[in-house]
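# Structural overview for review
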Amino acid sequence: MLMTNNPKPTLKNIALQLGVSTATISNAFNKPDQLSAMLRASILEYCEEIGYLGPSMAARSLRTGKTGVYGIILSDDLSQSLMNPVANQFLSAIAGVFDEQHVNMLLLASDPQNYLVNQIDTLADGFIVYGQPKDNSILVRLEKQSKPIVTVDFAYKNYPAININNHEAAYRITKHAIERTLSPKINPVVLGLHLMRDSHSTSIDNNKLFNPLESISRCRLEGYKQALQEVNIDLKEQAIWQIEQYEERIIKTIIRGIISGAEPVNLLLCMSDKIAIAALEVATELQINIPNDLQIVGFDGISSALEKGITTIAQPIKEKGTLAAQVCLGIKPQQSIMLNTELIINVSA
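Before going into details, it helps to say that this report is about the structure given with it. Please read all numbers here as calculations on a predicted model, not as lab measurements.

### Things to note about the pairing of strand β6 (residues 188–192)
- Counting buried positions along β6 yields five of five residues, so the element is predominantly enclosed.
- Sheet analysis places β6 next to strand β9 (residues 267–270), joined by four bridges and oriented parallel. In the sheet register, valine 190 faces β9, and the bridge partner there is leucine 269.
- In this sheet, strand β8 (residues 240–242) lies alongside β6 in parallel orientation, the contact comprising three bridges. Looking at β8, one finds that glycine 192 is bridged to glutamine 242.

### Here's the deal with the packing of helix α2 (residues 22–30) against helix α3 (residues 37–50)
- For the pair α2 and α3, interaxial distance at closest approach is 10 Å and the crossing angle is 90°. Looking at the two axes, α2 sits roughly perpendicular to α3. Residues Thr24, Ile25, Ala28 and Phe29 of α2 form the contact with α3, whose participating residues are Leu39, Arg40, Ile43, Leu44 and Cys47.
- Split into classes, the residues belonging to the contact of α2 with α3 amount to seven nonpolar, one polar and one charged.

### Focus: the packing of aromatic side chains
- Applying the stated criterion to the full structure yields three aromatic pairs.
- Geometrically, the ring pair formed by tyrosine 70 and phenylalanine 98 is tilted, given 5.8 Å between the ring centres and 50° between the ring planes. Taken together, the residues span a long stretch of sequence, with tyrosine 70 in strand β1 (residues 69–74) and phenylalanine 98 in helix α6 (residues 85–101) at a distance of 28 residues.
- Residue tyrosine 70 is classed as buried on the basis of its relative accessible area, which comes to 11%.
- The interplanar angle of 5° and the centroid separation of 6.0 Å between the aromatic rings of tyrosine 156 and tyrosine 159 together place this pair among those described as stacked.
- The residue whose ring lies beneath arginine 220 is phenylalanine 299, and the NZ or CZ to ring-centre distance is 3.7 Å.

### Some points on unusual backbone geometry
- Residues isoleucine 290 and proline 291 are joined by a peptide bond in cis, for which omega reads 10°.
- Within the secondary structure layout, proline 291 lies in the loop between α11 (273–285) and β10 (295–297).
- At glutamine 287, a residue that is not glycine, the phi angle is positive and equals roughly 60°.
- Summarising the element assignment, glutamine 287 is placed in the loop between α11 and β10.
- A positive phi angle, close to 135°, is found at aspartate 300, a residue other than glycine.

### Digging into the environment of leucine 213
- Here leucine 213 is to be found in the loop between β7 (202–203) and α9 (216–229).
- Relative accessible area serves as the criterion here: at 66%, leucine 213 is assigned to the exposed category.
- When the C-alpha atoms of leucine 213 and leucine 280 are compared, they prove to be 31 Å apart, with 67 residues separating the residues in sequence.
- Not counting residues within four places of it along the chain, the set of residues in contact with leucine 213 comprises Phe154 and Ala155.

What counts, and where the lines are drawn
- Each chain carries its own residue numbering, running from 1 in the direction its sequence is written.
- Local features in a predicted model are, by the rule used here, given only for residues with pLDDT of at least 70; side-chain atom pairs are given and counted only at 80 or more, and totals for whole chains, interfaces and linings are based on all residues.
- Side-chain numbers come from the whole structure's heavy atoms, not from hydrogens or water.
- When accessible area is computed with a 1.4 Å probe and restricted to protein chains, residues below 20% of their type maximum are described as buried, those above 50% as exposed, and intermediate ones as partly exposed.
- A helix here means a DSSP run of H or I that spans at least four residues, while a strand means a run of E at least two residues long, and both kinds are numbered starting from the N terminus.
- Being paired, for any two strands, means DSSP has found at least two bridges between them.
- The convention used is that axes are lines fitted to C-alpha atoms, helices contributing only their stretch in contact, and that angles between N-to-C directions extend from 0 to 180 degrees.
- Reported orientations rely on four angle classes, namely roughly parallel under 35 degrees, roughly antiparallel over 145, roughly perpendicular from 65 to 115, and oblique for the rest.
- Contact criterion: two residues are considered in contact whenever any of their non-hydrogen atoms come within 4.5 Å of each other.
- Residues are sorted three ways: Asp, Glu, Lys and Arg are charged, Ala, Val, Leu, Ile, Met, Phe, Trp, Tyr, Cys and Pro are nonpolar, and all the rest, Gly among them, are polar.
- Only Phe, Tyr and Trp rings are paired, with Trp represented by its six-membered ring, and only when their centres lie within 6.5 Å; those with planes under 30 degrees apart are stacked, over 60 edge-to-face, the remainder tilted.
- Only when the NZ atom of a Lys or the CZ atom of an Arg is both within 6 Å of the ring centre and within 35 degrees of the ring normal do we say a charge sits over the ring.

In structure tokens form, the structure reads like this:
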């Protein structure tokens, strides 16, 4: 039963052809539970036959104010995020909730330049902000839209946040490494992530650091410092590095330079398991005895780190994603949640 004269397939035209209301056609796509299985199947079959893909998202948005799309704001570039095993687990967990609720995900970078032309973010019904954006104008932009916002791994004003206690976890793993050391003198180096707005891999400048409320990396740094200060070790600026590239070759080059310096390093405090794995591989290349001559600790608890024997903090990455999605969609209350971590002791420290 094809339309005559090939008019453009619209909700109204299809409803006339099938002798049903426009609401019935819309429900076949958007509210399948409102129709019998047989009626829905016949409508969808006819629509497929004439090439109609469903009600226009733009039209539905104008009518209902909803698109069924939720934005995930990533603190890293999209390419770097997709190479990050932690971000992958997080996004997979969000996708699981979104699949169940029949809504869609829109991945957005936190570079303001991305929104100057197309304003694609305005399409979203709500936002999950994964990590502190380097440019706060992004958060201001989202606020102006008056839509649900959930932050993950940082807190922002009174919006619900999904977090772990990064300070306490970093303190705990550093204290463990200190207690396990065989050397009379501990010479630590921190290999951090996103400690400053500066986008280069470099030793840090205290005047440029994010504050602890803005950055989980800064919280971890303060946890490392506290444990070291308790044994009278003052962590100098030149012993704290910001690693900005996720490309393995670059990470290894930086680490090789650090642990091959004139003053031997015997404790590497790595803010991610990916960095810790790279450090372990460099130490192996240089024939450094692990853990007697060099202890390495990570953070995240990804499977590849555990397989390689990294002592690390395991955080509930997938639970973060699930809860962030549920709070954003209103399945759970709009309130902040603090999750637990676990110290996993392995052979690297």
